[in-house]
Structure formats: structure tokens, C-alpha cells
Amino acid sequence: MTLKSIELSGFKSFGKKSTLSFNTPITSVVGPNGSGKSNIVEAVRFVLGEQSMKSLRGKGGVDLIFKGSKMMPSASRASVTITFDNSKKIFNFTNSGLGVSLDYDEISISREVFADGGNTYSINGTEVRLKDVVDLLASVNIGSSGHHIISQGEADRVLNASSKDRRAMIEDALGLKVYQYRIKESERKLEKTAINMKEVQSIRREIAPHILFLKKQVEKVEKSHALREELNGYYETYLGAESAYITTNTRALTHKRRMLDEKMLSLEERLANLPVYNTENANRESVERSEIIKEENRIRRASEELSRTLGRLEGMMDALKAPKIVENKKEENRVISFSEWSNLLDKCLSQIELALSSSEKESIFSVLSNLKNDLIHMRSNESKIENVETNDVNTDRINELENQRQNILNEIKELESEADKCREALRVLDLKTKESEVHLRDSERMRYEILGEKNEVSSDMHSLKYEEEKLESIKLSFESEVREASTLIGMQVLTYAQNGFKAQAEGEDAPASRSIQEELRRKIERIKIKLEDAGIGNGAEILKEYNETIERDQFLERELGDLATSSSTLQNLINELKDTLDTEFKEGVNKINTEFQNFFALMFGGGNANLTVVVEQKRQKKDEDVEMEGEVEDEEFALEKGVDINVSLPHKKVKDLHMLSGGERSLTSIALLFAMSQVNPPPFLVLDETDAALDEANSRKYGDMLENLSKFSQLIVVTHNRETMSRAEVLYGVTVGADGASKLLSISLVDANAYAK
Ligand code: ATP
């Protein structure tokens, strides 16, 4: 047995927990009106996921919960659990990744409803979604159309249904609903794929202009990269040569500076060591000279004094020797002797000559003053002479005078010798002075020469300073060029610069000429201007963005391709599913027709009955009968397949279903229902008073068919019909207890038969 039990708790009239076990092929539920039999059938519908409140005879969840009685309080929730045998592992999920294990011998499905209308579902105690319950049941051919649960008064439901709904029931009964699900699922996916494709196409359209813009930018970046490459080459040469130039020239100018400094130092040393004019010596010599001259003058004066004295002596001697001249004292004009005159004249002449021989004013003044004194003295002597008694020649006196004269001559001689010495000293002194002057002149000449040389060195230093400043300015612009170059093409420029320094330090060839460097510099400037015009920077950001955008576009393109592939795969799958469904449906209908014909003929004792598949063109937007699937059909006109029922009663011409009697409708429905169940037996069938309209003869036939059908499906029949009851092995009696709630009573096979009779 597949269906093992059902347990109701707080469901409708079942206030207390009640369990029905289904251990026999046919279980009959019996009891008086209003005892709660149909509530059991609804409990089966409910637990299998029924969503229509109408089918459960309620308006909301609260109607399903035991409302209580005078004796019993109301329940807070209603729960039903149905248990299946799974020892043959017949259950499985078709499209669930659900973490529920089905590896059990029993599978129980529970549903609870709360007063607020909320529902919970669980499989073997694990809470799941309704979808999972539906999915699980589909695997054992229990579809959602509920064709296997025939509620009270719904025996002819299959006759009343539209041809389309009938088709759905038949598909469900044939176990083809799974194809419908898969078709719907694939169509939903296809639709979603189409939406995704549109979205992807729209994104691609949106980013296309941006890609175009970025592409142009990238072209600019590439151009600027080429320019940078070129610049890099020029820089390598330029900076290398420039650094080499700076090294060489710095070295040369440093050397030159050292040479000039040394030269200047040596010239200054030479200048400092030149003999200088010694004023002390000169002053000493001058003092010495004037002292000698002074001594000379003294000697001369002394000598002149002695000469005068000598003259007087000689004059006196002459006078003593000469005849006596009487002189008239009173005479105005006295006669002066010849020797007196001669002496006087000599003296005057010698004084004048001395004055003439001297160049110094002082000497001349001294001589003239002596001359004046001599003349004054002479006048005074004149009077003395006048008073001299012109006596006779006194020889003693003459001798005495002669002695005096000789002494004076000797003194004069000595004085002359001293004068000679003085002259000699003056000559030596002059010689010395002259010699000093020669030295001084030589020294001056040397000084001028050195000063000339110093001037030259200074001028060289001046030029050197100019060159140094020029080199310094080259160095500064080189450094700023290196800085700028490093921002333009990177730090490798430092290596270029160092290469030049190193090459020169290792004594390589002289650097390139300035004109070549200038030409390179002009080329560099031109590239810099071009780079500035491009205004792209290093472009890394643009390249990154371009690559990312292209990557994204390529990704979208691939995605579009994938979507197109999956779209066509889905389309193919849908077509295949539809084909399979079509084929299997047709085959199923054929099989049902065979059984239908048999059951129908059996029920009516002849006649014909069959199903035909019809295709209708229907204007329809929404398929309301598949609420659970949420299906929406957008087509205004859809080709719709339906199933029509054709009957032909024996001995009657009536063919229209509407014209059949209640019993005939029930019999036809039962024949079709049983035919459907025969072709693809469901695990169980619940029949709630399907036999209500049958007469005794037909009740027997119905009972036979039940027994036949119970070989394939478990049957739970709610009935008041004794014939039907007699076919069941177990009867469940339902009564309303003293507490106002439904109560179950199990009656065994023997008791059942007795009860049935
Ligand atoms: P019949 O033979 O006449 O068809 P039945 O045995 O099938 O009768 P049901 O239709 O199953 O009877 O039961 C209906 C009874 O259940 C009613 O008496 C109704 O009051 C009771 N009932 C329905 N819903 C609830 C509820 N929520 N709480 C309590 N009782 C309820």
C-alpha cells in the first residue's frame, strides 16, 4: 500500500487528534450526515496542497480550524499529516535542490494552517515550500488537478469541465503534467533569456559610443607613447652628452681655477717679498749728510777766521816792516795800505766763491753773514790801527807775529785736512745713496711687472668666473631637464645622466659639441610641445578603462552568444517537450478511450463512449486555471487543445452530455474516471459519495469496478451505499461525540459486512 495513514488535528470538526490507517485496498468511511466524513476528504485535499478555499468549503484559513463546542475549546491551528510508504523509494524531487532526504521508508507530508491564514508545509518534519510538496507528489503521479479526489457532488465534474480543463485533468491523470511544468518552466526561462538579451544588447548599445571615444583616446595615448619613445631616445643621447659635458668642463674649470689661484698666490708672495724703500736709512743718511755739511761749514768758518787772523797778522807784520805812515786822525779820508786792501779783497773773494759753490740757501746765508761780520770787524780794527803807535820795527813783535802766523797756518792746514775728511765722507754717503736709489728703481720695475701679471691673472679669473657661471647655469637647466624628463618618461633618465658622468669619470671621449646638443634640445622641445598638445598624461588610466570597457563589451558579447545559444536550446527543448507531450497525450487518450469504452459499455450495458482531442482558437490573456503556476499567456489568440467527450447510450439517440440524467452523468463520469485511473493508476483514489445517484443494479456494477480498480490504486470511499460498503475490508465510522467533535470508529472486515447488511 502506498497510502499508509492520515492524521487530523484541529482540522474542521476533528477537534481532537484522529488517525485513519489505510492498510487495505478499499477503505470505506461511513457515518451519519454532518458527522465529518467529507472533512476527511478535504483533509486529504488540504494536506496535498489544495489552494482553492472553495474546494475546502471555507472562506479563509480560520474556517479550517476547529471552532470548538460547548464541551471543547477551539483550536489555534489545524494540522493534517499524510504518510506514504516509500520502501520502494518511489518518491523523488524532479527539480529541487532542497536539503530534504527522501531516503526513508516512510514519507510524511504535513500542512498546518493558522488563524491568520498562514500555512506551513513540511516533509518528514522539515519545513519546505508548497512548490516542493507539489514537486514531490508529482513524482508519484499525484497531480494538482485533484482528479483522483472526487468530492461530494463532484462526481460529474469531469463532464462539467471545459474541454481545456478536461484536457488538463487527463494530462494530469496520464502523468503528463510534468511536461507541462517543464514546458512552462522552459518558456519562462526563454522569456527571461529574451529579456536578458535585450538588456545586454541595450547595455552594449549604451557603451558603444564610450568605447569609440576611449578608442580615440587610446590612439592618442599610443601616439603619445611613440612620442615618448622618441623622446626617450633623444634624452638618452642628450642627457648622457650633457652630463659628460658638465663633468668635463667642471673638471677643466676647477683645474683652471686652481692654477690661477696658485699663480695669484705666488705673485702676491713675490710682491710682498720685494725690497721696500727704507726711509729710516734715508733719514739717517740725510742727518749724517747735514751733520757733515755742518762740520764742513764749521771748518770753513774756522778756517776763514784763521785766514782773516792770518791776514791781519800779515798786515800787521807788513805794517811793522813797512815805513811809518803818519796819519791824520782828523782827516776824513784815510789812506789804507795796499796789503790791507789786498787781504780784504782776497777774503771777500774767498767768501763769495764759497757762497757760489754752495747750492744750499743755508750755506749761502752763513757765508754772507760771515762776510758781513768780517767787514764789521775790519772797521773796528781800523780804529785800533789808527791808535797804533807807529813805532819802529819791533823785531820781537814781528817774530811773535810770525810765530802766531805759523801756528795759524798749521791750524788752517789741520782744518783743511778735516775738510777733506768731510768731503770724503760726503762722497761715500752720496755713493751709498746712489746705490740705494738703483736698488729702489729695480724693485719698482719688478713691482710693475708683477702688478701687470696680477692684472692678467685677475682678468683670467674674471673670464673663468664668467665661464663658471655659464657652466652653473647649464648645470641648473640640466637638473631641471632631468626632473622634467623623469616625470615625462620615468626614472630611467637618471641612468642616462649617470652614464654620462661615469663615462667621463672613466675618461671616455669628449662630449658632443654644443651645436649637436642644441639641435637635440630643439627636437626634445618640439616633442614636448606635441605631448602637451596631446594632453593625455601617461594614459595609464585611459588604457585601463579602455581595456576594462572592451573586456566588458566582449563579456557582454559572449553573454549574448550564450544567451542566444541557450535561447535556441530552450526553444528546441520546448519543441521537443511539446512533441513528446503531444505524442504521449495522444497515445494516452487512445488508451483511455479503450478503457472508457469498456467501462461505459459495462455500466450502460452497451453504447459507445470516447474522447476526442479538439483544437480551438481562443482569445485569452490569462489562464486562470493554473493559478499555482502563475502562468500568463500574452498571445491574443492561442491555439488551445481541448478534450471533448462523445457518448452514445444504448438504445438512445441522445448524444449531448447535458441531456443525460443525473445517474447517467454519474455513470459516464465514473466510467471515464475509472478509465483514466486504469491507464495510469494513481496511488490512491478518494471518492466521496460518487455512488450517491446510482440505483441498486448500477451500485453493484460500481462495486465490481471498485474492486477491479483497487488492484491498481488504493481506494477510500465515503459512502452511504451498503453495496459499496460491502466491498471494503475496513470501515471507518465517523460520529459526532458528546464533546461536539467528530470521532472515529474502526470496524473490521466482518463487522463491516455485518454493518453493511
Ligand atoms: P453528509 O453525509 O451529510 O455529507 P458528512 O459526514 O460529510 O455529512 P461533513 O460535511 O464532513 O459531514 O461535516 C460537516 C460538519 O462539519 C458540519 O456539521 C460542520 O458544522 C462541521 N464543521 C465544519 N467546519 C467546522 C469547524 N471549523 N469547526 C467545527 N466544526 C466544523
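Use the structure listed above.
(A) Region of interest: the sheet that holds strand 1 (residues 3-9). As summarised here, the arrangement of the six strands in space is 2-1-4-5-6-7, forming an open sheet in which the pairing is antiparallel. Of all strands in the sheet, those bounded by a partner on one side alone are strand 2 (18-21) and strand 7 (126-128). Each strand axis lies, on average, 20° off the axis of its neighbour in the sheet, ignoring direction. Where strand 4 (residues 77-85) and strand 5 (residues 106-114) come together, nine bridges link them in antiparallel fashion. Bridging across to strand 5, aspartate 85 finds its partner in glutamate 106. Relative to the sheet, helix 1 (residues 37-47) contacts strand 1, strand 2, strand 4, strand 5 and strand 6 (119-123), its axis offset from that of strand 4 by approximately 75°.

(B) Region of interest: the packing of aromatic side chains. Evaluated as defined, the whole model comprises seven aromatic pairs. Relative to phenylalanine 46, the ring of phenylalanine 11 has its centre 5.1 Å away and its plane inclined at 40°; by these criteria the two rings are tilted. With phenylalanine 11 in the loop between strand 1 and strand 2 and phenylalanine 46 in helix 1, this residue pair connects regions lying 35 residues apart in the sequence. Just as phenylalanine 11 is buried, phenylalanine 46 falls in that class too. Taken together, a centroid distance of 6.2 Å and an interplanar angle of 35° make the contact between phenylalanine 84 and phenylalanine 684 tilted. Of the two residues, phenylalanine 84 sits in strand 4 while phenylalanine 684 sits in strand 11 (residues 684-688), which places them 600 residues apart along the sequence. Judged on exposure class, the residue phenylalanine 84 and its partner phenylalanine 684 are both buried. By the ring-pair criterion, three or more aromatic residues cluster together here, those being Phe84, Phe91 and Phe684. Its guanidinium or amino end placed over the ring of tyrosine 245, arginine 514 lies 3.9 Å from that ring's centre, counting from NZ or CZ.

(C) Highlighting the site of the ligand. Neighbouring the ligand are 18 residues; Asn33, Gly34, Lys37, Ser38 and Ile65 lie closest to it. Glycine 34 places a polar main-chain atom, nitrogen or oxygen, 2.6 Å from an oxygen atom of the ligand. Within the contact set of the ligand, an oxygen atom lies 3.1 Å away from a side-chain nitrogen or oxygen of histidine 720. Here the ligand, which alone exposes 650 Å², has 73% of that area covered by the protein. Class assignment of the residues belonging to the shell around the ligand gives a composition of three nonpolar, nine polar and six charged.

(D) Representation of the environment of glycine 10 in the model. As for its position among the elements, glycine 10 is in the loop between strand 1 and strand 2. Looking at glycine 10, the relative accessible area reads 3%, which means it is buried. Each C-alpha atom, one on glycine 10 and one on lysine 67, is 8.5 Å from the other, the two residues being 57 residues apart in sequence. Not counting the four nearest positions on each side in its chain, glycine 10 is found in contact with Gly15, Leu64, Ile65, Phe66, Ala75, Arg77 and Ala78.

(E) Structural context of the side chain of aspartate 688. Relative to the assigned elements, aspartate 688 resides in strand 11. It turns out aspartate 688 is buried and unbridged, and the closest side chain with the opposite charge, arginine 57, is 6.4 Å from it. Residues within four places of aspartate 688 in sequence aside, it is in contact with Ser38, Val41, Ile150, Ser151, Gln152, Gly153 and Val718.

The rules behind each value
- Residues numbered from 1 in each chain as written.
- Predicted model: local features only at pLDDT ≥ 70, side-chain atom pairs only at ≥ 80, totals over all residues.
- Heavy atoms only, no water.
- Pairing = 2+ DSSP bridges.
- Helix = DSSP H or I, 4+ residues; strand = E, 2+ residues; numbered from the N terminus.
- Axes fitted to C-alpha atoms, helices over the stretch in contact; angles between N-to-C directions.
- Contact = heavy atoms within 4.5 Å.
- Phe/Tyr/Trp six-rings, centres within 6.5 Å; stacked < 30°, edge-to-face > 60°.
- Buried < 20%, exposed > 50% of the residue type's maximum accessible area, 1.4 Å probe, protein only.
- Lys NZ or Arg CZ within 6 Å of the ring centre and 35° of its normal.
- Near = heavy atom within 4 Å.
- Polar contact = N/O pair within 3.5 Å; in protein donor to acceptor, adjacent residues only side chain to side chain.
- Areas by Shrake-Rupley, 256 points an atom, 1.4 Å probe, with all protein chains shown as cover.
- Nonpolar A, V, L, I, M, F, W, Y, C, P; charged D, E, K, R; others polar.
- Lys, Arg positive; Asp, Glu negative; His and termini not counted.
- Salt bridge = Lys/Arg side-chain N within 4 Å of Asp/Glu carboxyl O.

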